[in-house]
Amino acid sequence: MHYAYRFRLNPTPEQREQLDYHRDTCRQLYNHALNKFEQIPDSAGTLNQRVRQVRDQLTDLKDWWEELNDLYSTVAQAAVMRIEDSIKALSELKERGYNVGSLNWKAPQDFRSFTYVQSGFEFDSKNGQPVLSLSKLADIPIVNHREIPDDVTIKEVTIKKELTGEWFASFAVDGKQTPEKPTDSERCVGIDVGILKYAHDTDGTAVGSLDLSDERERLERAQRDLSRKEHGSNNWEKQRKVVAQRHADLKRKRRDFLHKLSNYYASEYDLVAVEGLDAKGLVELPGNSRTRASAAWGTFKRMLEYKCDREGTHFVEVDPKDTTKECASCGVKTEKPLWVREHSCPSCGFEADRDANAAWNILSRGLEEVGVVHSESTPVETALPADTSVSAKRVVEAGSPTLKERTASAVSE
């Protein structure tokens, strides 16, 4: 199983200059390699073969490009191979419906990382301070807030500079043992996500949405101050870092919330069922798109999926269609406008919170997908009297405008 550990670096001012020098040298190498790659016809081989043709020219480049000799060999190679990763990433975005173009040269502010592959790095200790020793660079103090297991292999280390000016090291590891998923899942949960309540599960746990109003207010104030500065001036650059820090504060608070919530479900249950929501499509819908984007349902789902894989928990995505409308007890569909927060089935009389009812439907569908046998209630077609004027396939919640329309049409007939 592939996994990553992220650590904060505390470089000295001199080390920051060295890091920036290596980063910018990698950027220039990437731009040069991209130019060479675009001159190779597609018929010359696969994507990987064409990128490797450019990578194999590094030895000749070092004869006249002296700065490349300051880079560790795998760092230079990784900078060239990034072309392949970038093209694959663009292809994936295109398949998901995004309008993407081609690769462009990287400006200094757009190329913020470089990677050591397989070798050239190691943990060390200098004067009682843990450091990350990077070949041809420096021994950089690192905040060692967690231990990397001894049974994993570190495949690569990526050194990245955030827009705030902070430096981080991400260790990509391989060989982490993945627990086997249980064959008899006793602890199962269905999760319904929303706006008013971020998550409501079948155990009755309701998690409120994260309040980011203070962080947004500070961000907006910082952005207004930035707009008043002369672009490119020293004051503008200082305020740009303040804006970047406000963005980072908001992002970290949201991700901390999502990490803790997803970790709770992945570690406490044997099976987790969620809706297969189209997060991108929901954000593009008119009205309240900012709130839907801030909810980051797609990020939560991705975190939950890999954490379930790590913990040996079944993760199931189900079809979200009609999970709110269907009665979890008898299956009759009931139209509910958003302002109706309680589910009250006119067929079987089952009453529950709107989100709780949806969570039960999600869990039921999840159990069916993984092949768990469970009891079924009376078929919905027999749940209503035979002479009812309301179809058992579509029942309207009491008080709904739709109900009034249907009643009026029945009277007119």
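Definitions and limits used
One numbering rule holds for all chains: residues counted from 1, following each sequence as written. Only residues with pLDDT of at least 70 are given local features in this predicted model, and only at 80 or more are side-chain atom pairs given and counted; all residues enter the totals for whole chains, interfaces and linings. Only hydrogens and water are set aside when side-chain values are computed; all heavy atoms of the structure are taken into account. The criterion for strand pairing is that DSSP finds at least two bridges linking the strands in question. The helix and strand labels rest on DSSP assignments: H or I over at least four residues marks a helix, E over at least two residues marks a strand, and numbering proceeds from the N terminus. Working convention: axes come from line fits to C-alpha atoms, limited for helices to the stretch in contact. Angles between N-to-C directions cover 0 to 180 degrees. Pairs of residues are marked as contacts when any of their non-hydrogen atoms sit within 4.5 Å. In plain terms, two cysteine sulfur atoms within 2.5 Å form what is called a disulfide here. When a residue's accessible area, from a 1.4 Å probe over protein chains only, is under 20% of the maximum for its type it is buried; when over 50% it is exposed; and in between it is partly exposed. Polar contact is the term for a pair of N or O atoms within 3.5 Å; when the atoms are in protein, one must be able to donate a hydrogen and the other to accept it, and sequence-neighboring residues count only if both atoms are side-chain atoms.

If you look the protein up in an unreviewed UniProt entry, it shows as Transposase from Halorubrum ezzemoulense.

Draft legend 1. Quick look at the sheet that holds strand β2 (residues 113–117). Pairing in this open sheet of seven strands is antiparallel, and the strands run β2-β6-β7-β1-β5-β4-β3 from one edge to the other. In this open sheet, the two edge strands, each paired with only one partner strand, are β2 and β3 (121–126). Neighbour to neighbour, the strand axes of the sheet diverge by 35° on average, direction disregarded. Examined bridge by bridge, β3 and strand β4 (residues 129–134) share six bridges and lie antiparallel to one another. The partner of Ser125 across the bridge, within β4, is Pro130. With respect to the sheet, helix α1 (residues 13–38) is in contact with β2, β5 (139–143), β6 (153–161) and β7 (167–174), its orientation differing from that of β2 by roughly 85°.

Draft legend 2. Geometry of the state of the cysteines. Counted by the stated rule, this structure contains zero disulfides. Free cysteine Cys348: the closest other cysteine sulfur is in Cys330, separated by 3.6 Å.

Draft legend 3. Broad picture of the environment of Ser227. Structurally, Ser227 can be placed in helix α5 (residues 213–227). For Ser227, a relative accessible area of 61% gives the class exposed. With 13 residues separating them along the chain, Ser227 and Arg240 place their C-alpha atoms 9.7 Å apart. Among the polar contacts made by the side chain of Ser227, one reaches the main-chain carbonyl oxygen of Arg224 at a distance of 2.6 Å.

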